[in-house]
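# Observations on chain architecture
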Amino acid sequence: MKTVHEVCKISGISVRTLHYYDSIGLLSPSAVTSAGYRLYDDSSLAKLQSILFFRELEFPLREIKAIIENPDFDYISALREQITLLEMKREHLEKLIALARDTMKTGVIKMDFSAFDNTEIEKYAEEARQKWGQTAAYKEYETKTAAKTDNQKTDVFIKMEAIFREAGKLRSLSPDCEQAQDCVKKLQSFITENCYTCTKEILSGLGQMYVADERFRQNIDKAGGDGTSAFIAKAIENYCK
C-alpha cells in the first residue's frame, strides 16, 4: 500500500489532482487509516495508470470516468487500444518534426499540410469512446450533441460563456448569496437542457473540475475575470449542500 505522497512521487501528479480524482469518484483510495491517511494498492495504481494514459491522449475526465466505470471495461483490452493510439500519436508527431526540420534546413515552406492531418487518430479515439463510454449521461450527451448543427453548438458555447460572465460580475459577493445561487441554478438548468441531466452530484463534480482542471479554470476566468472559476466552484459547493 502506498500513501498519497508516494503515489504522487512515482506518478508525477500533484496531491491536489489525486484528491480531486477521489472527490469526483474517478480514483478512490483502497483504504483510509484511522488517522485519515489515504492508501492505494496495486489495483488502484493500475487504474491510475490507465487514467493517465487516457489523459495523455487528451480524453476529458468525464469520458475517462464513463470508460472505466463501464461494466464491460477490460484493462488489458483498453491498454492495447491506448498503445495503438499512442503509436499513432508518435507517428503524427514524427511527421510534424520532419516537416519542421526540413523547412528550417531548406528555408522553403512547403504547401503540404498532410503532416497536420490527425483524422485517423480522431477516428480511432472516437471508436474507443463509443466502445467504452456508454454511461447514461454520456449517451444523453451524445444524443443531444448529434442533433445540433455547428451553429447551434457554437451558440451553446456562447451562452455558457455568458453565464460565467454573469458569475464573474458577482465575485465581490458571497458565494452563498441569492444572486450567486440563482446563477448556479441557471447553469445547472442550461447544462441539463443542452448537454445531459445535471444532477447535484454531477454539478458538484463539475464545480470541482472548474478549479482543478487548468483548461476549465483558464477558460472560465477568461470569460468572467480572474477568480471566477473559484467563485463559481464555491457557489456550486454551497448550492449542492
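Residues numbered from 1 in each chain as written. Predicted model: local features only at pLDDT ≥ 70, side-chain atom pairs only at ≥ 80, totals over all residues. Heavy atoms only, no water.

## Re the confidence of the model for the protein
For clarity, the threshold we go by: The predictor attaches a confidence to each residue, called pLDDT, with possible values from 0 through 100. The way it works is that DSSP assigns letters per residue, a run of H or I at least four long becomes a helix, a run of E at least two long becomes a strand, and they are numbered from the N terminus.
For the protein, per-residue confidence averages 82 on the pLDDT scale, and 83% of positions sit at 70 or higher. Per-element mean pLDDT across the protein ranges from 64 in helix 6 (residues 119–132) up to 94 in helix 12 (residues 228–240).

## Quick look at the packing of aromatic side chains
Put simply, the rule reads: Paired rings are identified among Phe, Tyr and Trp, the last through its six-membered ring, by centres lying within 6.5 Å, and are further divided according to the angle between planes into stacked (under 30 degrees), edge-to-face (over 60) and tilted (the rest). Summary of the burial criterion: residues with accessible area below 20% of their type's maximum are buried, those above 50% are exposed, and those between are partly exposed, where the area comes from a 1.4 Å probe applied to protein chains only.
Per the stated rule, a full pass over the model turns up 3 aromatic pairs. Their ring planes at 45° and their centres at 6.5 Å tell us that Tyr-20 and Tyr-21 sit as a pair that is tilted. Tyr-20 sits in the buried class, given a relative accessible area of 6%. Where Phe-164 meets Tyr-210, the ring centres are 5.5 Å apart and the plane angle is 85°; that geometry is what we call edge-to-face.

## What about the side chain of Asn-194?
Put simply, the rule reads: We call two N or O atoms a polar contact when they sit within 3.5 Å, provided that within protein one can donate a hydrogen and the other can accept it, with sequence-adjacent residues counted only if both atoms are side-chain atoms. Residue contacts follow a heavy-atom distance rule, with two residues in contact if any of their heavy atoms lie within 4.5 Å.
By the element assignment, Asn-194 lies in helix 9 (residues 178–194). For Asn-194, a relative accessible area of 14% translates into the label buried. In terms of polar contacts, Asn-194 uses its side chain to reach the backbone carbonyl oxygen of Phe-190, at 2.9 Å. Not counting residues up to four positions away in its chain, the partners in contact with Asn-194 are Lys-144, Lys-148 and Val-156.

## A short note on the sheet that holds strand 3 (residues 38–40)
Note the threshold: Strands were regarded as paired on the criterion that DSSP finds at least two bridges between them.
As summarised here, the arrangement of the 3 strands in space is 1-3-2, forming an open sheet in which the pairing is antiparallel. Edge positions in the open sheet fall to strand 1 (2–3) and strand 2 (31–32), since each of these has one partner strand only. Summarising the sheet, strand 1 and strand 3 pair through 2 bridges and their orientation is antiparallel. Bridged to Lys-2 within strand 3 is Tyr-40.

## Here's the deal with the packing of helix 1 (residues 4–11) against helix 2 (residues 15–23)
Filter applied, for reference: Convention adopted: a line fitted to C-alpha atoms gives each axis, helices being fitted over their contacting stretch, and angles between N-to-C directions are expressed from 0 to 180 degrees. Working definition: roughly parallel below 35 degrees, roughly antiparallel above 145 degrees, roughly perpendicular at 65 to 115 degrees, and oblique for all remaining angles. Helix crossings get a hand from a simple test, with the near helix turned counterclockwise from the far one by less than a right angle marking a left-handed crossing and a clockwise turn marking a right-handed one. Side-chain classes are defined by residue name, with Ala, Val, Leu, Ile, Met, Phe, Trp, Tyr, Cys and Pro counting as nonpolar, Asp, Glu, Lys and Arg as charged, and the others, Gly among them, as polar.
Between helix 1 and helix 2, whose axes approach to 9 Å, the crossing angle comes to 115°. Judged on the interaxial angle alone, helix 2 and helix 1 are roughly perpendicular. By crossing handedness, the relation of helix 1 to helix 2 is classed as right-handed. Between helix 1 and helix 2, the contacting residues are Val-4, His-5, Val-7 and Cys-8 on the first element and Val-15, Leu-18 and His-19 on the second. Tallied by class, the residues present in the contact of helix 1 with helix 2 amount to 5 nonpolar, 2 polar and no charged.

## Considering the nonpolar core
To keep things clear, this is the line we draw: To define a nonpolar core, start from buried Ala, Val, Leu, Ile, Met, Phe, Trp, Tyr and Cys residues and group those joined through side-chain atoms within 4.5 Å.
In this structure, Phe-164, Val-184, Leu-187, Ile-191, Tyr-210, Ile-232 and Ile-236 are the most contacted members of the largest nonpolar core, which totals 26 residues. Secondary-structure elements contributing two or more residues to this core are helix 8 (150–168), helix 9, helix 10 (200–212), helix 11 (214–224) and helix 12. It is helix 9 that provides the largest number of residues to this core, a total of 6 residues.

## Considerations on helix 1
A turn of α-helix holds 3.6 residues, and therefore any two residues three or four places apart point the same way. Which entries qualify depends on this criterion: Relevant arc is that of directions from the helix axis to the C-beta atoms, nothing else.
Among all positions in helix 1, only Val-4, Val-7 and Cys-8 are buried. Down the axis of helix 1, the smallest arc covering the buried residues is 100°, so these residues share one side. Among the exposed residues of helix 1, those oriented more than 90 degrees off its buried face are His-5, Lys-9 and Ile-10. The elements touched by buried residues of helix 1 are strand 1, helix 2, strand 3 and helix 3 (42–56). At the C-terminal side of helix 1, Gly-12 shows a positive phi close to 85°.

## Considerations on the pattern of salt bridges
Filter applied, for reference: Only one rule defines a salt bridge in this text: a Lys or Arg side-chain nitrogen within 4 Å of an Asp or Glu carboxyl oxygen.
Taken as a whole and judged by the stated rule, the model has 8 salt bridges. Residue Lys-95 is joined to Glu-91 by a salt bridge in which the shortest nitrogen-to-oxygen separation is 3.9 Å. Of the two residues, Lys-95 and Glu-91 are both situated in helix 5 (residues 75–106); the distance of 4 residues between them amounts to about one turn of the helix. In this structure Lys-95 comes out as partly exposed when scored by relative accessible area, which is 45%. Using a relative accessible area of 44% as the deciding quantity, one classes Glu-91 as partly exposed. With its nearest N and O atoms 3.6 Å apart, the salt bridge here joins Glu-237 to Lys-241. Residue Glu-237 is classed as partly exposed on the basis of its relative accessible area, which comes to 35%. The class of Lys-241 is exposed, set by a relative accessible area of 74%.

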